[in-house]
Amino acid sequence: MPEPQADPALFDKVVNLCKRRGFVFPSAEIYGGFRSTYDYGPVGVLLLRNVKDAWWRSMVQLRHDVVGLDAAILSPPAIWEASGHLANFTDPLVDCKKCHERFRLDKLADPEVCPNCGSEHSFTEARQFNLMFKTYAGPVEGKGAEVYLRPETAQGMFVNFKNVLETSRKRPPFGIAQIGKSFRNEITPGNFVFRTREFEQMELEYFVPPADGPRWYEYWCRERMQWYLDLGMPADRLRLRAHDADELSHYSVGTSDVEYLFPWGWDELEGIANRTDYDLRQHAERSGERLEYFDQAAGERYIPHVIEPAAGATRTAMAFLMAAYAEEEVAREGQGQGETRTVLRLHPRLAPYKVAVLPLSKKPELQAPANEVLAQLQPHFMCDYDETQAIGRRYRRQDELGTPYCVTVDFDSLDDHAVTVRDRDSMAQDRVPIKDLLDHLGPRLTA
Ligand code: GAP
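What you see is a predicted model, and the numbers here were worked out from it, not measured in a lab. (Residues numbered from 1 in each chain as written. Predicted model: local features only at pLDDT ≥ 70, side-chain atom pairs only at ≥ 80, totals over all residues. Heavy atoms only, no water.)

Scanning the protein chain for helices and strands turns up 13 helices and 24 strands. Here the protein chain holds 447 residues, and the buried ones make up 51% of them. Within the structure as shown, the protein chain displays about 21500 Å² of accessible surface, and the carbon and sulfur contribution to it stands at 49%. With 54 positive and 68 negative side-chain charges, the protein chain shows a spacing of 2 Å between the two charge centroids. (Helix = DSSP H or I, 4+ residues; strand = E, 2+ residues; numbered from the N terminus. Buried < 20%, exposed > 50% of the residue type's maximum accessible area, 1.4 Å probe, protein only. Areas by Shrake-Rupley, 256 points an atom, 1.4 Å probe, with all protein chains shown as cover. Lys, Arg positive; Asp, Glu negative; His and termini not counted. Charge placed at Lys NZ, Arg CZ, Asp CG, Glu CD.)

Turning our eyes to something else, we now look at the site of the ligand. In the vicinity of the ligand, 21 residues are found, and the nearest of them are E152, E186, T196, E203 and E268. At a separation of 2.6 Å, a nitrogen atom of the ligand approaches a polar side-chain atom of E152. Contact between the ligand and Q201: an oxygen atom at 3.0 Å from a side-chain N or O atom of the residue. Burial of the ligand by the protein chains amounts to 91% of its free accessible area of 550 Å². In terms of residue count, strand β14 (residues 265-276) provides more of the shell around the ligand than any other element does, five residues in total. Tallied by class, residues from the shell around the ligand come to seven nonpolar, four polar and ten charged. (Near = heavy atom within 4 Å. Polar contact = N/O pair within 3.5 Å; in protein donor to acceptor, adjacent residues only side chain to side chain. Nonpolar A, V, L, I, M, F, W, Y, C, P; charged D, E, K, R; others polar.)

Take the state of the cysteines next. Per the counting criterion, the structure on display carries zero disulfides. Not engaged in a disulfide, the cysteine C383 finds its nearest cysteine sulfur in C406; these two sulfurs lie 11 Å apart. You can call C383 buried: its relative accessible area is 10%. (Disulfide = S-S within 2.5 Å.)

Before going further, it helps to spend a moment on the packing of aromatic side chains. If you walk through the whole model with that rule in mind, you get 19 aromatic pairs. Geometrically, the ring pair formed by Y206 and W216 is tilted, given 4.9 Å between the ring centres and 55° between the ring planes. Residue Y206 is located in strand β11 (residues 198-208), and its partner W216 is located in helix α7 (residues 213-230); the two are separated by ten residues in the primary sequence. Assigned by exposure class, Y206 and W216 land together as buried. Taken together, a centroid distance of 4.9 Å and an interplanar angle of 80° make the contact between W216 and Y219 edge-to-face. With W216 and Y219 both in helix α7 and three residues apart, the pair spans about one turn of that helix. Each member of the aromatic cluster is reached from another via a ring pair, and the members are F11, F194, Y260, F262 and W264. Its end group placed over the ring of Y251, R275 keeps NZ or CZ at 3.5 Å from the ring centre. (Phe/Tyr/Trp six-rings, centres within 6.5 Å; stacked < 30°, edge-to-face > 60°. Lys NZ or Arg CZ within 6 Å of the ring centre and 35° of its normal.)

In this section: the pairing of strand β5 (residues 90-95). For β5, the tally of buried residues reaches five of six residues, placing the bulk of the element in the interior. With four bridges connecting them, β5 and strand β7 (residues 127-130) associate as antiparallel partners. From the neighbouring strand, D91 faces β7, where its bridge partner is F129. With three bridges joining them, β5 and strand β6 (residues 102-104) adopt antiparallel strand pairing. Paired with L93 across the bridge in β6 is R104. (Pairing = 2+ DSSP bridges.)

Here we take up the environment of K98. Within the element layout of this structure, K98 appears in the loop between β5 and β6. A sequence separation of 139 residues divides K98 from R237, and the C-alpha atoms of the two residues are 39 Å apart. Among residues more than four places away in sequence, those in contact with K98 are C117, S119 and S122. (Contact = heavy atoms within 4.5 Å.)

Attention now goes to the pattern of salt bridges. Inspection of the entire model under this criterion finds 42 salt bridges. One salt bridge in this structure joins E259 and R239, with 2.7 Å as the shortest N-O distance. Placement of the pair is E259 in strand β13 (residues 254-262) and R239 in strand β12 (residues 238-242), with a sequence separation of 20 residues. Taking relative accessible area as the criterion, R239 reaches 31% and is therefore assigned partly exposed. Close ionic contact of D416 with R431 constitutes a salt bridge, the shortest N to O distance being 3.2 Å. Placement of D416 in helix α12 (residues 413-416) and of R431 in strand β24 (residues 429-433) is noted, with a sequence separation of 15 residues between them. D416 gets classed as partly exposed once you look at its relative accessible area, which sits at 39%. Salt bridges sharing partners connect three or more residues here, namely E328, E339, R341, R345, R396, D399, R422, R424 and D425. (Salt bridge = Lys/Arg side-chain N within 4 Å of Asp/Glu carboxyl O.)

Laid out in structure tokens, this is it:
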């Protein structure tokens, strides 16, 4: 098998599609945009929600050993002193003395050459730059009022370990899962929503008896790879890469990244880390609370070790878009000539709309049955409704949104009480009685 190649042209195609179809807009665009921040539009918000729902379903709903949490974003310095983020959550920053551009030293292809102006040996000494956003709670700015926007959701799980243990009747091995926004003052945000200062994470902290840490680490590496594959990521564009010792975060004794072959090359989607008892021990020391588990059967008290699969929701949504994007030559539907169609072959779970209801024309006699079909489907699936333009163009629009099925209500529907169901991928069309529509679509959309 030939090695898969990165496709640099794909990047602009996906970014353009995101803007054109309402997935992602540059934030504050009417004011010229705002520094690599983005807003999720009408279909982007659905895709992102579906990614998060798919994660929650697999990590919480389908398990008996994981519970959820939604912790505060604003957090006191004590948390970040204990976690080590105030001291260690830094990136090395250099400035080019010639062109005054700023870079992360560890991301430069050649640490002696400025990628912007090409100057050699023009960098300042590296300075450690802390990535946390600081602000002030209350009306008075100053010492004592400082708070931080969390740079990871993980600490919320550690500081609530005791609360969850006491209220959920769980015992190790068990996990706490959380999805939410995190904030990092990245030196070089970029590659669209890949690296931004405000982003969403999906993290699990899985607490295990210390001796079982290595086994559970392997388990979560396998589980997490399978999650992406089950949702349609091509196997040859996904890999698991173990960190070298010098790459490890300050809390980790072992980390593997799930990487995807982006248009610019292999890059991280998720990190699975063995955090040992680092975090619980730090918070126990700092807070004076006992963050331990007492195993009554063994008569043993211990601080659990933690295995952490930590994924980015926004980054992962973008990777799914890139993996789904396809252009193909097809015969124009209803006519002889060929054309190129763009289609997002998104897994039905991820597709923003599952079904589009399309009356063949705007004529009032079709609107009533089309609305009836819509009302039948809406309680079960996220639906779109579109009655403008020629039907072929509406199919193409739905292909670009990744909608798995289009349901067309035509004049024959008035007599045969049936509709045409068009499949996004094969473009095959089936005539289905309206009364059987739910049974027809249900199994195809919830697989
Ligand atoms: N609690 C561990 C932790 O936060 P991380 O590797 O720094 O680990 C986990 O972050 C995931 O969060 C990354 O794999 C990535 O998907 C996402 N992520 C991190 N920084 C990001 C950023 N600036 N923009 C978008 N996603 C980011």
